[in-house]
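Survey of secondary and tertiary structure
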Amino acid sequence: MSVVSDIKKISVSHEEALKQNEYKQLVRSLVESKFDSAPKAFVHTYGCQGNVADGERLKGMLEEMGYSLVEELENADLILYNTCAIREHAEDRVFGNVGALKKMKYENRDMKIILCGCMMQQQHIADKIRASYPFVDIVFGTHVIHKLPEFLYRSFATGKKVYELPDNDGVIAEELPVHRDSEFKAWIPIMYGCNNFCTYCIVPYVRGRERSRDPETIVNEAKELVANGYKEITLLGQNVNSYGKYPDYGCNFAALLRRLNDIDGDFTIRFMTSHPKDCTSELLDTMAECEKVAKHLHLPFQSGNNRVLNDMNRRYTREKYLELLNYAYSVMPELSVTSDVIVGFPGETYEEFLDTVSLIKEAKFTSMYTFIYSAREGTKAAKMPDPISKEEKGKWLRELIEVQEVIAAERTASMVRKTFRVLCESISKSGLIEGRTSGNIIIEFPADASVIGSFRKVRVTESLTWILRGELAE
Ligand code: SAH
Ligand code: SF4
Ligand code: F3S
């Protein structure tokens, strides 16, 4: 079967998109008759950027249904939590926040409470919501976000709860309106789902099988963004390196990067996340050669011990990972590498953990996201014996962070007195402008707010372990 028909097969059909547009109009009329002015919708997304990108589409649909988006939850007429299931802590926060809505719901009967995202794709969570949080109106999983208009209409029209968690392998929903949170930074999901089944991870269960978007659609979306003045485009996927990895697809990730790099305009291309097992020298060479591609690689290693990596089903070794980094630094000496690591995977010993410490000393990451292992129901690792206490794992984690702190400080110190091109993004807590270098390191400097959204040359004057301070060089 050809690639195009494969993509069509898993895509939401144009007829379905039209049907949802009709529901949008119905909700719009309902909302206009119920509320004196545009009702307020508060949308909060937890978890990864892929989920944030979904959140921007949910917001886009709400706007088309007549809602105005608000930043504060108080007095909202619709509250939507787009949830994450990656660790227990993420789920606990959602339960806490939903519990707090009970009173609001009873004071405003026309208010709608909606829960969606990865956490809701798990049946046991939906069951718990139904039993313990009966004031929630709509619950739906990750494969049907394009049906929000239909769910909302059903909820208004019948007053009954809507629970929709279809357990399929996932679809690709194009044609959705997007409410972009920023006017100069944009997310483009290039693929959805994951096939890797790392033994600790819930993502393959809640996001379905890996599927890539059509390269033509991605390139057109990027062109439109650049034409509208966007300065940074981040390509998203759980494992972007396996983009287009089907027979005869004709466009792998490196080829996609080249096509995007060829778009005229002054902008930066970023991407995440890369999986070491699929990160090729072709991709690293492409990064090095494409001037618009940021010299930043987020390459999670998870553990520095081969036995643990094997139990995690990561399908690379410590040696292969370090070899990959050496090659990456050889073709991009200025490259900044960041990573993810899990401490206390079931069965990991202190000696094995020390291999993780030695790996970070060799790898010289700019920064790292560090996580204590969290058992996820339904995953393989959740069934493995896990004798080490949380307290002990916490001690290991602190040991790791201390080592990384020294490495990060050396890295930022080496940048002092040098000048970097920075995308100015926001005003920091200290009242300075906050921007990011190509290597994704935060730099703060005094400047007028009018620089926000543009690239500026900034000279580093001081390093503060993880971030930099500087001054405009022009
Ligand atoms: N697809 C990406 C990671 C997505 S999840 C990749 O493969 O690298 C982001 C990070 O959360 C992971 O890299 C991992 O470090 C962490 N993580 C995932 N599941 C976890 C769990 N059960 N407990 C603790 N950390 C976890
Ligand atoms: Fe989870 Fe592994 Fe897939 Fe990343 S590659 S999302 S860690 S299963
Ligand atoms: Fe969380 Fe789902 Fe992303 S579990 S990390 S929001 S894919």
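Since we're looking at a predicted model, the values are computed, not measured. (Residues numbered from 1 in each chain as written. Chains lettered and ligands numbered in written order. Predicted model: local features only at pLDDT ≥ 70, side-chain atom pairs only at ≥ 80, totals over all residues. Heavy atoms only, no water.)

Considering the site of ligand 3
All residues in the neighbourhood of ligand 3 are listed as Cys48, Asn51, Cys84, Ala85, Ile86, Cys118, Arg207 and Gln238. Of the residues assigned to the shell around ligand 3, the class counts are 5 nonpolar, 2 polar and 1 charged. (Near = heavy atom within 4 Å. Nonpolar A, V, L, I, M, F, W, Y, C, P; charged D, E, K, R; others polar.)

A closer look at the packing of aromatic side chains
Evaluated as defined, the whole model comprises 19 aromatic pairs. Measuring from centroid to centroid gives 5.8 Å for tyrosine 23 and tyrosine 153, while their planes differ by 45°, and the two rings are tilted. Of the two residues, tyrosine 23 sits in helix H2 (residues 14-34) while tyrosine 153 sits in helix H7 (residues 148-158), which places them 130 residues apart along the sequence. Here a set of aromatic residues connected by ring pairs shows up, and it is made of Phe301, Tyr316, Tyr321 and Phe365. One Lys or Arg, lysine 112, reaches over the ring of phenylalanine 156 and ends 4.7 Å from the middle of that ring. The ring of tyrosine 163 has arginine 130 lying over it, and the distance from NZ or CZ to the ring centre is 4.0 Å. (Phe/Tyr/Trp six-rings, centres within 6.5 Å; stacked < 30°, edge-to-face > 60°. Helix = DSSP H or I, 4+ residues; strand = E, 2+ residues; numbered from the N terminus. Lys NZ or Arg CZ within 6 Å of the ring centre and 35° of its normal.)

A look at helix H15 (residues 390-413)
In this model, H15 (24 residues) spans 34 Å end to end at C-alpha, consistent with the 34 Å of a helix rising 1.5 Å per residue. Taken together, the buried positions of H15 are Lys393, Gly394, Trp396, Leu397, Leu400, Val403, Gln404, Ile407, Ala408 and Thr412. Packed against the buried residues of H15 are strand E13 (336-343), helix H14 (350-363), strand E14 (367-372), strand E18 (455-464) and strand E19 (467-472). (Expected span 1.5 Å × (residues − 1). Buried < 20%, exposed > 50% of the residue type's maximum accessible area, 1.4 Å probe, protein only. Contact = heavy atoms within 4.5 Å.)

Topic: helix H3 (residues 49-64)
Its 16 residues place the ends of H3 23 Å apart at the C-alpha level, agreeing with the 22 Å of an ideal helix rising 1.5 Å per residue. Taken across its 16 residues, H3 has 12 buried, putting it largely inside the fold. For H3, the complete set of buried residues consists of Asn51, Val52, Ala53, Asp54, Gly55, Glu56, Arg57, Leu58, Lys59, Gly60, Met61 and Leu62. Once H3 finishes, glycine 66 follows within two positions and takes phi at roughly 100°, a positive value.

Some thoughts on the site of ligand 2
Around ligand 2 sit Cys194, Asn196, Phe197, Cys198, Tyr200, Cys201, Val203, Pro204, Gln238, His275 and Arg314, and those are all the residues in its vicinity. Tallied by class, the residues present in the shell around ligand 2 amount to 7 nonpolar, 3 polar and 1 charged.

Re the sheet that holds strand E16 (residues 433-436)
In spatial order, the strands read E15-E16-E17-E19-E18; together these 5 strands close into a barrel with mixed pairing. Direction aside, the axes of adjacent strands within the sheet are offset by 55° on average. As paired elements, E16 and strand E17 (residues 442-445) share 4 bridges and run antiparallel to each other. Across the sheet, the residue bridging to glycine 435 is isoleucine 443, located in E17. (Pairing = 2+ DSSP bridges. Axes fitted to C-alpha atoms, helices over the stretch in contact; angles between N-to-C directions.)

Considering the sheet that holds strand E6 (residues 162-164)
Taken in spatial order, the 6 strands of this open sheet run E2-E1-E3-E4-E5-E6, and their pairing is parallel. If you trace the sheet from one side to the other, it starts and ends with strand E2 (68-70) and E6, each paired once. Neighbour-to-neighbour, the strand axes of this sheet turn through a mean angle of 20°, independent of strand direction. Pairing analysis gives 3 bridges linking strand E5 (residues 138-140) to E6, with the strands arranged parallel. Residue pairing in the sheet places isoleucine 138 in a bridge with valine 162 of E6.

Thoughts on the domain arrangement of the chain
The assigned domain composition of the chain is domain 1 (3-164), domain 2 (182-294) and domain 3 (419-472). The distance between the C-alpha centroids of domain 2 and domain 3 comes to 26 Å. Across the contact, 9 residues belong to domain 2 and 11 residues belong to domain 3. Summed over the three residues of domain 2 that lose the most area to domain 3, namely Phe184, Lys231 and Arg270, the buried surface amounts to 55% of that side. Linking domain 2 with domain 3 are 2 salt bridges. (Domains from an automatic or database assignment. Buried area = accessible area lost by both parts, 1.4 Å probe. Salt bridge = Lys/Arg side-chain N within 4 Å of Asp/Glu carboxyl O.)

Quick look at the nonpolar core
Membership of the largest hydrophobic core comes to 58 residues, with the highest contact counts inside it found for Ile190, Leu235, Phe253 and Phe365. Excluding residues that lie within four positions of it along the chain, isoleucine 190 makes contacts with Ser212, Arg213, Ile218, Leu235, Leu236, Val240, Tyr243, Phe253 and Leu256. The next biggest cluster of nonpolar side chains, apart from the first, holds 30 residues, and it includes Phe42, Met104, Leu115 and Leu165. (Core = buried A, V, L, I, M, F, W, Y, C linked by side-chain atoms within 4.5 Å.)

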